[in-house]
Structure formats: structure tokens, C-alpha cells
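# Inside the fold
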Amino acid sequence: MMRSADLVVLIVYVAGVVALGCGLGRRSSTPAGFMTAGGRLAGWAVGLSMFGTFLSSNTFLGVPGKAFASNWNSYVFSLSLPLAAIVATRWFVPFYRTGGHISAYAHLEARFGRWARTYAVVCYLLTQLARVGSILFGVALALTALTGWPMAAIIVATGALVTIYTLVGGIEAVIWTDVVQSIVLTLGAVWVIVALVAGTPGGLGEIASVSGAADKFSLGSFAPEFETSTFWVVMLYGLFINLNNFGIDQSFVQRYHVARSLTQARRSVWLAAILYVPISLAFFFVGAALYAFYETQPELQAALAEAVGASASELETLGDHVFPHFIVHQLPAGVAGLIIAAIFAAAMSSVDTSLNSSATVLLSDIYRTYFRSDLDDRSTMRVLHASTLGIGALGTLTALAMIGVESILDAWWTLSGVFAGGLLGLFLLGMIARRADRPAAITGVVLGVSVILWMTFPSVMPSALQSPFHSNMITVIGTLTIFMAGLAASGLRTRGRDLRS
């Protein structure tokens with residue numbers, strides 16, 4: 001059961017965050033305040049909010065679990081962020097700041113027709129449901145181990161709390177609570193690293209020796225192969241996913257409008273990217289250090305194995321369970337409460353973003369497009385509030401359905417690869433290929449989605465026709481297929497018109 005001091009820290013933290021979010025309600029009583037905070041916030045605050053979105057509970061729990069079970073191969077994803085930031089600050093941020101639309105998908109309708117906008121919105125909403133579900137499930141997984149509370153109850157309670165303050169406080173509540181939560185997350189990581197180094201016999205040197213001998217620090221093979229999770233596979237996956245985030249993810253595009261100027265918006269992107277690279281490395285170090293901590297202390301390893309219902313040899317297959325066990329059994333009272341609060345922070349800082357941006361998309365791209373475009377401010381706020389509640393409820397149900405998933409990080413990567421795999425290709429086709437028209441875009445999307453489905457569900461295909469590529473290549477190949485097929489189709493149509501003339 002949870003110790004009294006830890007419970008007090010957790011309650012005070014959660015109450016403070018909810019109070020902060022709800023306290024900003026007056027500034028979010030108008031549509032502009034709810035969706036963009038009037039475009040008045042500083043770049044550093046927006047950047048910390050982006051950083052908090054990256055540093056979700058999938059990172060806080062999934063990354064140490066992944067590093068404990070395997071190695072640092074997944075860290076290559078973080079190394080792609082500065083590369084994506086270069087492209088984003090040079091082209092994406094100015095594109096949206098000067099476009100005048102709060103929606104990341106309005107320009108697709110002007111470029112290729114309403115179908116393109118709707119396709120992008122559906123993919124985005126499905127991605128956000130998967131994100132909210134995996135994050136709420138991740139925090140429940142940890143808190144169940146830490147507190148003994150039922151997992152379903154934790155999911156429902158966390159989903160309800162985040163939905164309430166996002167509903168009341170709008171995007172400004174999202175930004176400022178994310179700032180606080182980003183600080184708590186970083187402090188939590190520092191506490192854990194200090195505790196692991198101090199608690200491992202031999203300290204930092206022994207961690208490096210034991211984890212190094214087990215190849216925990218490996219970034220993966222550098223061979224030019226794409227069938228397994230090599231360095232290059234994760235780098236490509238990270239680059240395409242982060243270009244998708246910065247280029248056509250409403251959660252990020254909306255923040256470009258929240259910043260008070262183009263310069264501030266660019267700075268926010270760079271701050272988020274630069275912060276995430278070392279902080280995510282700290283979480284990978286936590287995973288490797290956890291391995292050394294238990295490997296050098298057989299009695300603690302035996303207790304861990306008994307607690308998670310596995311033999312010592314099976315522990316590496318249960319990486320997501322190790323970190324929560326360490327927190328509750330190895331950290332002193334109060335400090336453990338801070339870490340539990342950090343886990344809550346990780347979940348809340350990502351879920352609130354998804355709820356607000358999804359509500360904005362439902363208003364701008366669905367309700368105003370297909371139902372009523374002439375809404376007054378009062379009606380607009382009703383739609384935004386109803387959408388926030390709806391996405392919060394559906395995301396909570398998604399989390400409940402995920403109970404039993406073995407790896408949070410793998411589950412999230414798979415789902416995001418399926419739902420977001422084609423968006424970047426369509427966006428780049430419209431942005432780069434000026435001659436690409438509606439039929440060319442439709443051709444690209446049909447072929448790209450077919451490839452994504454072929455790679456995602458290999459079991460339905462005969463063995464000779466199954467995809468030979470690693471699952472992280474779904475987004476990469478799906479994006480390239482849409483772009484290249486659309487480009488080729490537009491070239492053929494242009495050539496055909498030239499021949500007829």
C-alpha cells in the first residue's frame with residue numbers, strides 16, 4: 001500500500017495542477033482563448049509544453065522498461081529530433097503562421113478537396129485516441145504497482161481529472177500545467193538517477209561495467225538492413241514521425257499560433273527538441289542502471305521476480321514492471337511520492353494536449369465543415385466543450401481496452417504508425433509537388449494506405465507475400481509511397497494533357 005507521505009505529496013500535486021488549470025478558465029471563455037490563448041504566450045512556455053508532450057508517461061515508464069529489457073536502440077528516435085526541428089523551423093512554422101487557419105488540415109481541402117481534409121482529420125483523431133489510451137494505461141500500470149489501487153479505477157480517475165481542467169482552462173491551462181509538469185518530470189528523473197547510483201554497489205562504475213557487458217548501451221546494428229530494428233531503421237522512423245509531429249500534427253501546429261510571434265514559435269520548437277535529447281537519454285540510463293542495480297544484488301532481484309511473478313531469467317521480458325517496483329520498494333517516503341507525481345505529470349501533460357487539439361479539430365474540420373459554419377461564440381464554446389468531453393471519454397475507454405498489453409512503447413509505436421503513416425506523405429505532396437492535383441493525391445493515398453495495411457497485418461498474407469521490413473518502417477514506406485505515387489501520377493497526367501494539346 002502507498003505510504004502516507006507519498007499519498008500526501010501526490011494529492012497536493014494533483015490538486016495543485018487541477019486548480020492551476022481551472023484557475024485559467026476566465027481567459028479561455030472565448031473560442032480564441034480556448035484554442036490559441038489569444039496568441040500571447042512566450043516561446044519558452046510553449047517550448048516546455050511541447051517538451052512535456054514528448055515526455056509522456058510512455059517515456060517515463062516505457063523507456064526505462066525498454067532499456068532494461070533490451071538496449072538503447074530506441075534512443076536513436078530522440079537523435080532525429082534536431083534534424084526534424086531544422087525542417088520545421090525553416091518551412092513548417094512559417095507555413096502555418098502565415099496561413100491564417102487554426103486547423104493543420106484546412107489547407108489540404110484547398111489543395112486536394114474536402115476528402116483530403118477529412119482523411120487527415122480521421123487519421124489524426126484515431127492517433128490521439130491511441131495516444132490517450134496508451135498514456136492512461138501506462139500511468140495506471142505504474143500506480144497499480146505503487147498503490148494497489150485497481151487499474152481500471154486509476155484510468156477512469158486520471159482521465160476525468162485531465163478532462164476537467166482541460167475543459168475549463170483550454171489551451172492556456174494545457175501550456176502552463178505542462179510547464180509545471182515538465183519541471184516535475186525532470187526533477188523526478190534526477191532523483192531516480194541519484195538513488196540508483198547511490199544504491200548500486202560500486203556506483204556509477206559498476207553500472208557502466210555490468211550494463212556494458214550486457215550490451216545495454218548499444219544503439220543497434222549500423223548495418224544497412226531494414227528487416228530488424230537497426231540504428232538506421234529507428235533513425236528513419238524517428239525522423240518521419242517527428243516531421244509528422246512538427247508538420248501536420250494539430251497538437252504542435254496549434255502551439256505555433258499560441259506563441260506571440262513567428263520568432264517565438266521557432267524558439268519553442270528548438271527548445272523542445274534540444275531539451276528532449278538529454279532528458280530522454282537520462283530515462284534510458286535509468287533502464288540500464290535498473291538492470292545493474294538488480295543484477296548486482298541477487299536478493300533484491302529475487303524479490304523483484306517474486307513480486308512480478310517471474311523467474312530471474314524472465315525479468316527482461318517484463319521491463320515495464322521493474323521501474324514501478326523500484327519506486328515503491330527502494331525510494332524513501334516522500335521522494336517516492338514525488339516520482340509518482342512525476343508519472344502523473346507525464347500522463348497529464350500529454351493527455352491534456354490531445355484533448356484540446358482534438359476538440360479544435362472536431363470544431364474546425366468536422367462541425368463547421370459538415371454541419372454549421374455560422375456559429376456564434378456561445379455555440380462554438382458548446383461544441384468545444386462537448387468535443388473535449390467526448391474525446392476524454394473515448395480515450396479513457398481505449399485505455400481500459402489496452403489492459404494486458406506487454407509493452408507500452410511498442411503498442412504506441414505500432415498504433416501511431418498505422419494511423420499517422422500516410423499524413424506526412426499527403427502533406428509533402430501538397431507542399432512540394434505544385435502540379436499534383438486531386439486525382440494524383442487520391443492515387444497516392446490509396447496506394448499508400450494499401451502498403452501500410454500490407455505491412456501492418458502480415459499474418460493475413462501468404463508467407464511469400466509478407467512484408468520483409470521491420471514494423472517501424474511502416475510510417476517511412478507509407479509516407480514515401482503516398483508522395484512518390486502521387487508525384488508519378490501527377491507527372492503522367494501532366495504529360496497526357498501535353499500530348500493531347
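Residues numbered from 1 in each chain as written. Predicted model: local features only at pLDDT ≥ 70, side-chain atom pairs only at ≥ 80, totals over all residues. Heavy atoms only, no water.

## Overview of the pattern of salt bridges
A side chain with one charge may pair with a side chain of the opposite charge, provided their charged atoms come close. Note the following rule: The term salt bridge refers to a pairing of a side-chain nitrogen on Lys or Arg with a carboxyl oxygen on Asp or Glu at a separation within 4 Å. A run of H or I in DSSP becomes a helix once it reaches four residues, and a run of E becomes a strand once it reaches two; helices and strands are each numbered from the N terminus. Note on classification: 1.4 Å probe, protein chains only; a residue is buried when its accessible area is under 20% of the maximum for its type, exposed when over 50%, partly exposed between these limits.
With the rule as written, the count across this model stands at six salt bridges. Here Glu172 ties to Arg40 by a salt bridge, and the two come within 2.5 Å at their closest N and O atoms. Residue Glu172 is located in helix H9 (residues 151-199), and its partner Arg40 is located in the loop between helix H2 (31-36) and helix H3 (43-54); the two are separated by 132 residues in the primary sequence. The partly exposed category is assigned to Arg40, whose relative accessible area is 35%. With a shortest N-O distance of 2.5 Å, Asp365 and Arg117 are connected by a salt bridge. Note that Asp365 is positioned in helix H16 (residues 335-370) and Arg117 in helix H8 (residues 114-147), a separation of 248 residues in sequence. Overall, the relative accessible area of 1% leaves Asp365 in the buried class. Residue Arg117 is classed as buried on the basis of its relative accessible area, which comes to 11%. In this structure, a network of salt bridges that share partners links the residues Glu109, Arg114, Arg117 and Asp365.

## What to know about the packing of H3 against H9
When two helices pack together, you describe them by how their axes are tilted relative to each other and by the distance separating the axes. Applicable threshold: Inter-axis angles, ranging from 0 to 180 degrees, are taken between N-to-C directions of lines fitted to C-alpha atoms, where helices are fitted over the stretch in contact. For any pair of crossing helices, the crossing counts as left-handed if the nearer helix is rotated counterclockwise from the farther one by less than a right angle, and right-handed if it is rotated clockwise. Two residues form a contact once any of their heavy atoms are found within 4.5 Å. For this classification, Asp, Glu, Lys and Arg are treated as charged, while Ala, Val, Leu, Ile, Met, Phe, Trp, Tyr, Cys and Pro are nonpolar and the rest, including Gly, are polar.
Relative orientation of the contacting elements H3 and H9 amounts to 60 degrees, with a least axis distance of 8 Å. Of the two possible hands of crossing, H3 and H9 adopt the one that is left-handed. Residues Trp44, Ala45, Val46, Leu48, Ser49, Phe51, Gly52 and Thr53 of H3 form the contact with H9, whose own contacting residues are Val174, Ile175, Trp176, Asp178, Val179, Ser182 and Thr186. Within the contact of H3 with H9, the residues separate by chemical class into nine nonpolar, five polar and one charged.

## Points about the side chain of Ser182
Examined against the element boundaries, Ser182 turns out to sit in helix H9. Assessed through its relative accessible area of 2%, Ser182 is described here as buried. Leave out the neighbours within four places in its chain, and Ser182 touches Leu48, Phe51 and Gly52.

## Focus: the environment of Val9
Among the structural elements, Val9 can be located in helix H1 (residues 4-23). Owing to a relative accessible area of 29%, Val9 belongs among the partly exposed residues under this scheme. Sequence separation between Val9 and Gly334 is 325 residues; the distance between their C-alpha atoms is 6.6 Å. Ignoring sequence-local partners within four residues, the contact set of Val9 consists of Gly334, Gly337 and Leu338.

## Digging into the packing of aromatic side chains
Heads up, the condition is: What counts as a ring pair is set by centres within 6.5 Å for rings of Phe, Tyr and Trp (its six-membered ring), and what kind of pair is set by the plane angle: stacked under 30 degrees, edge-to-face over 60, tilted for all other angles. Whether a charge sits over a ring comes down to the Lys NZ or Arg CZ being within 6 Å of the ring centre and within 35 degrees of the ring normal.
Across all of its chains, the model carries 21 aromatic pairs by this definition. With centroids separated by 4.9 Å and ring planes inclined at 75 degrees, the aromatic side chains of Trp72 and Phe217 adopt a geometry described as edge-to-face. Here Trp72 is found in the loop between helix H4 (57-69) and helix H5 (76-79), whereas its partner Phe217 is found in the loop between helix H10 (203-213) and helix H11 (231-248), with 145 residues between them in sequence. For Trp72, a relative accessible area of 12% gives the class buried. We classify Phe217 as partly exposed; its relative accessible area is 29%. Ring pairing ties together the aromatic residues Phe92, Phe95, Tyr96, Tyr256 and Phe427, which thus form one cluster. The lysine or arginine in question, Lys216, covers the ring of Tyr291, its NZ or CZ lying 4.5 Å from the ring centre. Across from the ring centre of Phe252, 5.9 Å away, lies the NZ or CZ of Arg255, which sits over that ring.

Distances and angles like these do not, on their own, reveal function.
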